[in-house]
Protein chains: 2
Amino acid sequence: MQHRYQIIQADWTVTVNADFEVLHDFSVVVEDNRIQTLIANDQVMELPCYTQAEIISLPGCALMPGLVNSHTHASMSLFRGLADDLPLMQWLTDHIWPAEARWVDAEFTADGFRLAAAEMIRSGTTCLSDMFYCPDEAARCAQQIGMRSVIGLIVLDFPSVWAQNADEYLHKALAVHDEIRELPLVSSAFAPHAPYTVSDEPLRQIAMYSSELDVPVHMHVHETAAEVAEAQQKTGQRPLERLDQLNLLNPNLIAVHMTELDEFEIERVAEAGVNIAHCPESNLKLASGICPVSTLLDRGVNVCLGTDGAASNNDLDLLGEMRTAAMLAKGSSGNASACNARQAIEMATINGARALGMADQIGSIEPGKLADLIALDLTSLNTQPLYDPVAQIAYAASSRQVSHVWIDGVPQLRDFEFCQLDSDEIIATAAGWANKIKS
Amino acid sequence: MQHRYQIIQADWTVTVNADFEVLHDFSVVVEDNRIQTLIANDQVMELPCYTQAEIISLPGCALMPGLVNSHTHASMSLFRGLADDLPLMQWLTDHIWPAEARWVDAEFTADGFRLAAAEMIRSGTTCLSDMFYCPDEAARCAQQIGMRSVIGLIVLDFPSVWAQNADEYLHKALAVHDEIRELPLVSSAFAPHAPYTVSDEPLRQIAMYSSELDVPVHMHVHETAAEVAEAQQKTGQRPLERLDQLNLLNPNLIAVHMTELDEFEIERVAEAGVNIAHCPESNLKLASGICPVSTLLDRGVNVCLGTDGAASNNDLDLLGEMRTAAMLAKGSSGNASACNARQAIEMATINGARALGMADQIGSIEPGKLADLIALDLTSLNTQPLYDPVAQIAYAASSRQVSHVWIDGVPQLRDFEFCQLDSDEIIATAAGWANKIKS
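Residues numbered from 1 in each chain as written. Chains lettered and ligands numbered in written order. Predicted model: local features only at pLDDT ≥ 70, side-chain atom pairs only at ≥ 80, totals over all residues. Heavy atoms only, no water.

Chemist: I'm lost on the overall build of chain A in this one. Help?
Modeler: What chain A contains, in helices and strands, is 15 helices and 16 strands. Relative to the 2.2 N^0.38 estimate, which gives 22 Å for 439 residues, the radius of gyration of chain A is 21 Å and therefore close to what a compact globule would have. C-alpha atoms of chain A, sized along the principal axes, occupy 65 × 45 × 45 Å. Buried positions account for 66% of the 439 residues belonging to chain A. Total accessible area computed for chain A in this model is approximately 14,500 Å², and 48% of it derives from carbon and sulfur atoms. Charge centroids of chain A, computed over 26 positive and 59 negative side chains, lie 3 Å from each other. (Helix = DSSP H or I, 4+ residues; strand = E, 2+ residues; numbered from the N terminus. Rg over C-alpha atoms; globule rule 2.2 N^0.38 Å. Buried < 20%, exposed > 50% of the residue type's maximum accessible area, 1.4 Å probe, protein only. Areas by Shrake-Rupley, 256 points an atom, 1.4 Å probe, with all protein chains shown as cover. Lys, Arg positive; Asp, Glu negative; His and termini not counted. Charge placed at Lys NZ, Arg CZ, Asp CG, Glu CD.)

Below is the structure:
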């Protein structure tokens, strides 16, 4: 078989390897869908593949691993701006859940997923971890688009368009999990919605299946102080303690939000190797609380980043989320050195890969890893002059400066233009949904 | 004299008038540098000026008043990314003040101002309120570029490139104030740096001149808890109390930052009509504290927004600042309804105009006001579908969607391209400075 070679030459290659090396005037050689090697520009001509390779020259650009969005509800992009300036439970019960009950079906899921995936690719995200109804549809859609995705297999106690009760959700989860094995870009995670919407028995089964199949568990946990207080009142237990008893606190868990954590719980999640998906913009906008990121990073907890859905953010811009996360960690801890530029970039890349069990495949630019790469054009006014590309990426760059995106070696964005997706058609379809929903 | 007429037809006109009217399919008629009228598209053809007017059709766009950046140090854009992840006093004393002492002169001020103004125009800001050395140079530069500016006449106790002592600063301030009267786009403000860098006598004189000349006073106040504590230890007084005794608490004062405010002080600034310039991103990044915006808005305090300088932000994107301000007000107050989309947009426009004493001239789209206008293209993936243009502007739009900018009726940005500025030359000059400073 003929191999395809691409040689990408950016001014800076921000590897996000263990030493966080930033290479100047280096070439990243991609063979088919994998990174073959990193080599100085003045040596790359000696490689045997050089003559057959496509050379992509990116002056003024930084190449970095694609961003990993560790928590989103992609299809909810169709509800963006439907209801704002409301607290979480009122927003959910009066607006989002009724709108979901009325509108969500397989077609909604697919059309919303496409809009979200396009927005994410445009802004530098190359892997997303989703939680929504009709996960079979989302999985097929992700593969068809070429978006690396971890599809959450939703589980709830109550009925929805997808299933009627916990048994049916679980049954369908296992069926979709099997179906997804056939899709090279897609993998699955169990996605019990939250401690307050899933009872013990399905959670016990999920813990068992997750351990047996080595599949992540993607769950909202301790999103607000009210959630924790209500659980304590009803059961005498904080939700995290209950999850611990149900054997869910382990490195397969991606606990989303985690704004309410006492000292004991921080110790426990650190010890158990629980991953935390921090969604600062959604947490701020819904006034849900603030995840103690600085402390968690100090304790060695793997903190990654998510945008949450576009109905509570209202964008799916992980680069912007990274900047907010760094600033909020400093501001909320009172320590301007907390969550520095390097840590912010790690949260948005390798930490996300680790949470999803994919740190050996994505999240950094290293030989043998999959070619999920993005280039940021740092020649804009707002990233000039340039003393340090890492600081510019973390604190000054806009996601609109993402000029190139590769997922699995496939160019998805080239010189700011989509190579595969038809964004006009995606937007027109989304507008059609809004017209129906508004009326 | 021949008049110039421009008729701007966006899908939505977000007026930011007292009723916050959002008009659909309206024309904004601009005669020379002023808004003449707002009229429905189907009636505009009847206006006498229609036949001679240039028609600017903006389908999918929202037209709104240009953004007002109420606190910046424009020329510090040349230090963007020079030092990050450091607390305020260490950042100032070990990095910024030495760099200023070594590098700042008239040429630095002008080149940095141009870079900042270009970045601001590109991101929708049409008026800035500056504080830096060599204000005469900044003023000339602002007029030459066409950027509406309120130039801060810096006053300090200690020597700098600009003056040797408070007397000389004051003397030069009055001279530059007179010089600026000749520049139609530029006005001036007294800019005593901070309570801890300016002693009583010059502050007393500034209070007097401000009142006599009706000129704003632009000052960092209560930026951090440490600043307040140190003043209390040295003098037994909180800085705000001292400023009150010096007759500075009145509607001419733009107090920047104000992260530390007790209940009594909030009452006092509300009663005195003090304006507060909130700089959320700089405050978060330097871990300076959080201004209690939600409470201040409830008490009727005029809160406006600033980016601060690019060395502590690190961008000059007021649209992004507005989004951060809204989210942080919700998150820090624990109330998701705090600082809603309308209030956020008002902070970024009319409240800034009010703080600068220009609410009768700019800050909203109303007949008779100056034509400082921007258009946001809402057809991007991240602002679709569209239920409510106001929510999209506040929570989803990127400043890169600013497609058109007019300042004083003059087109500065058209279809995303500069009409007057040479951004390549500005960037090359900035890069030249960075090369010198790095070496």
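Chemist: Mind showing me how you'd approach the domain arrangement of chain A here?
Modeler: The figure often quoted for interface size is the accessible area lost as the parts come together. All names here are of chain A. Domain boundaries assigned for chain A yield domain 1 (5–65 + 364–418) and domain 2 (67–355). Computed from C-alpha atoms alone, the centre-to-centre distance between domain 1 and domain 2 is 29 Å. Taken residue by residue, the interface counts 32 residues in domain 1 and 27 residues in domain 2. Taken together, the links from domain 1 to domain 2 amount to two salt bridges. A salt bridge links Asp372 to Arg148; its shortest N-O distance comes to 2.6 Å. At the level of secondary structure, the elements contributing two or more residues to the side of domain 1 that touches domain 2 comprise strand S4 (54–65), strand S13 (373–377), helix H14 (389–395), strand S14 (402–407) and strand S15 (410–414). The greatest single-element share of the side of domain 1 that touches domain 2, amounting to five residues, is contributed by H14. A breakdown of the residues in the side of domain 1 that touches domain 2 according to their chemical character gives 23 nonpolar, four polar and five charged. (Domains from an automatic or database assignment. Contact = heavy atoms within 4.5 Å. Salt bridge = Lys/Arg side-chain N within 4 Å of Asp/Glu carboxyl O. Nonpolar A, V, L, I, M, F, W, Y, C, P; charged D, E, K, R; others polar.)

Chemist: Would you mind going over the packing of aromatic side chains with me for this structure?
Modeler: Ring pairs (aromatic) are described by centroid distance and by the angle formed between their planes. Tallying each qualifying case throughout the model produces 12 aromatic pairs over all chains. An angle of 65° between the planes, with centres 6.2 Å apart, marks the rings of Trp97 of chain B and Phe158 of chain B as edge-to-face. Of the two residues, Trp97 of chain B sits in helix H1 (residues 88–103) while Phe158 of chain B sits in the loop between strand S7 (148–155) and helix H4 (166–180), which places them 61 residues apart along the sequence. Here Trp97 of chain B falls in the partly exposed class, since its relative accessible area comes to 24%. Three or more aromatic residues link up through ring pairs in this structure, and these residues are Phe79, Phe108, Phe132, Tyr133 and Trp433 of chain A. (Phe/Tyr/Trp six-rings, centres within 6.5 Å; stacked < 30°, edge-to-face > 60°.)

Chemist: What's the story with the interface of chain B and chain A in this structure? I'm lost.
Modeler: Across the boundary between the two partners, chain B contributes 60 residues, which contact 60 residues of chain A. When the two sides are added together, the surface that chain B and chain A hide from each other amounts to roughly 4,700 Å², 62% of it contributed by carbon and sulfur. Broken down residue by residue, the surface that chain B buries against chain A is led by Leu381, Tyr387 and Arg400 of chain B, which jointly contribute 19%. The shortest N-O distance in the salt bridge between Asp85 of chain A and Lys330 of chain B comes to 2.5 Å. Here chain B and chain A share 34 residue pairs in polar contact (both at pLDDT 80 or more) between them. Among the secondary structure elements, those contributing two or more residues to the side of chain B that touches chain A are helix H2 (106–122), helix H9 (280–285), helix H11 (318–333), helix H14 (389–395) and helix H15 (423–438) of chain B. Per-element accounting of the side of chain B that touches chain A gives the leading share, eight residues, to H15 of chain B. Partitioned by chemical class, the residues of the side of chain B that touches chain A number 29 nonpolar, 18 polar and 13 charged. (Buried area = accessible area lost by both parts, 1.4 Å probe. Polar contact = N/O pair within 3.5 Å; in protein donor to acceptor, adjacent residues only side chain to side chain.)

Chemist: Is there a simple way to explain the packing of helix H11 (residues 318–333) of chain A against helix H12 (residues 341–348) of chain A in this structure?
Modeler: Residue and element names in this part refer to chain A. Following both chains from N to C, one finds H11 and H12 inclined at 135°, their axes separated by 9 Å at the closest point. With respect to each other, H11 and H12 are oriented oblique. Considering how the two elements wind past one another, H11 and H12 form a crossing that is right-handed. Touching Leu318, Met322, Ala325 and Ala326 of H11 are Ala344, Ile345, Met347 and Ala348, all from H12. Taken together, the residues of the contact of H11 with H12 sort by class into eight nonpolar, no polar and no charged. (Axes fitted to C-alpha atoms, helices over the stretch in contact; angles between N-to-C directions. Parallel < 35°, antiparallel > 145°, perpendicular 65-115°, else oblique. Left-handed = near helix turned anticlockwise from the far one by under 90°.)

Chemist: Can you help me understand the relation of the copies chain B and chain A in this one?
Modeler: Between the two copies of the chain lies a relationship made up of a rotation around an axis and a movement along it. For the pair chain B and chain A, the relating rotation is 180°, the translation along its axis is 0.0 Å, and the fit reaches an RMSD of 0.0 Å. Accordingly, the operation relating the two chain copies is best matched by a two-fold axis. When C-alpha distances to the rotation axis are compared across chain B, the minimum falls at Arg400 of chain B, with a value of 3.4 Å. Comparing interface residues between copies, 100% of those in chain B also sit at the interface in chain A, which points to an isologous, same-surface contact. (Least-squares fit on C-alpha atoms with pLDDT ≥ 70 in both.)

Chemist: Any chance you could explain the confidence of the model for chain A here in plain terms?
Modeler: The predicted coordinates should not be examined in detail at positions where pLDDT is low. Per-residue confidence for chain A gives a mean pLDDT of 97; residues scoring 70 or more make up 100%. The ipTM, which scores confidence in the relative placement of chains, is 0.97 for this predicted complex, and the corresponding pTM is 0.98. (pLDDT = per-residue confidence, 0-100.)

Chemist: I'm lost on the pairing of strand S13 (residues 373–377) of chain B in this one. Help?
Modeler: One face of the sheet, then the other: side chains in a regular strand alternate in exactly this way. Residues and elements named next belong to chain B. Counting buried positions along S13 yields five of five residues, so the element is predominantly enclosed. By the alternation rule, side chains of S13 split into Leu373, Ala375 and Asp377 and Ile374 and Leu376, which are all buried. The pairing of strand S4 (residues 54–65) with S13 spans five bridges and is antiparallel. When the sheet's bridge partners are listed, Ala62 is paired in S13 with Leu376. Here S13 runs beside strand S14 (residues 402–407); their pairing, made up of four bridges, is antiparallel. Its bridge partner being in S14, Leu373 is matched across the sheet by Trp406. (Pairing = 2+ DSSP bridges.)

Chemist: Honestly, the environment of Cys339 of chain A in this entry has me stumped. Any pointers?
Modeler: Here Cys339 of chain A lies in the loop between H11 and H12. Separated by 46 residues in sequence, Cys339 of chain A and Val293 of chain A place their C-alpha atoms 7.8 Å apart. With residues up to four places along the chain from it excluded, the contact list for Cys339 of chain A reads Leu297, Ala326, Ala329, Lys330, Ala344, Met347 and Tyr395 of chain A together with Asp85 of chain B.

Chemist: What is the right way to read the sheet that holds S13 of chain A from this model?
Modeler: In a beta sheet, neighbouring strands pair by backbone hydrogen bonds and run either parallel or antiparallel. Taken in spatial order, the eight strands of this open sheet run S3-S2-S1-S4-S13-S14-S15-S16 (chain A), and their pairing is mixed. Every interior strand has two partners, whereas the edge strands, strand S3 (34–40) and strand S16 (417–418) of chain A, have only one.

Chemist: Is there a simple way to think about H11 of chain B in this case?
Modeler: Each α-helix turn comprises 3.6 residues. Residues three or four places apart therefore point the same way. All names here are of chain B. Its 16 residues give H11 an end-to-end C-alpha distance of 22 Å, which sits within 8% of 22 Å, the value for a rise of 1.5 Å per residue. In terms of burial, H11 is largely enclosed, as 13 of its 16 residues are buried. At the N-terminal boundary of H11, the capping side chain belongs to Asp317, with an oxygen 3.1 Å from the backbone nitrogen of Leu319. (Expected span 1.5 Å × (residues − 1).)

Chemist: What exactly am I supposed to notice about the layout of surface pockets here?
Modeler: Any space left empty among the atoms is revealed by the rolling of a water-sized probe across them. Residues and elements named next belong to chain A. Taken as a whole, the second largest pocket spans an internal volume of roughly 500 Å³. Lining the second largest pocket we find 22 residues, and of these Tyr196, Glu227, Glu230, Ala231 and Lys234 sit closest to its centre. Listing elements by their share of the lining of the second largest pocket, those giving two or more residues are helix H1 (88–103), helix H6 (225–235) and helix H7 (239–245). A total of six residues in the lining of the second largest pocket trace back to one element, the largest contributor, which is H6. Residues belonging to the lining of the second largest pocket are distributed by class as follows: 10 nonpolar, five polar and seven charged. (1 Å grid on protein atoms, 1.4 Å probe; cavity = no way out; pocket = protein on both sides within 12 Å on 5 of 7 lines; lining within 4 Å. Points joined across faces, edges and corners; volume = space filled by probe spheres on them.)

Chemist: What is the right way to read the sheet that holds strand S2 (residues 22–31) of chain B from this model?
Modeler: The sheet built from eight strands is open, its strands ordered S3-S2-S1-S4-S13-S14-S15-S16 (chain B) with mixed pairing. A single partner strand is all that each edge strand has here, and the edge strands are strand S3 (34–40) and strand S16 (417–418) of chain B.

Chemist: Even after reading the chapter, I still don't get the packing of helix H3 (residues 135–145) of chain B against H4 of chain B, so can you show me in this structure?
Modeler: Between two packed helices, both the angle of their axes relative to each other and the distance between the axes serve to describe the pair. Residues and elements named next belong to chain B. It is at 10 Å that the axes of H3 and H4 come closest, and there the two elements cross at 15°. By the angle between their axes, H3 is roughly parallel relative to H4. Between H3 and H4 lies a crossing whose hand is right-handed. Listed contacts from H4 to Pro135, Asp136, Ala139 and Arg140 of H3 are Val176, Glu179 and Ile180.

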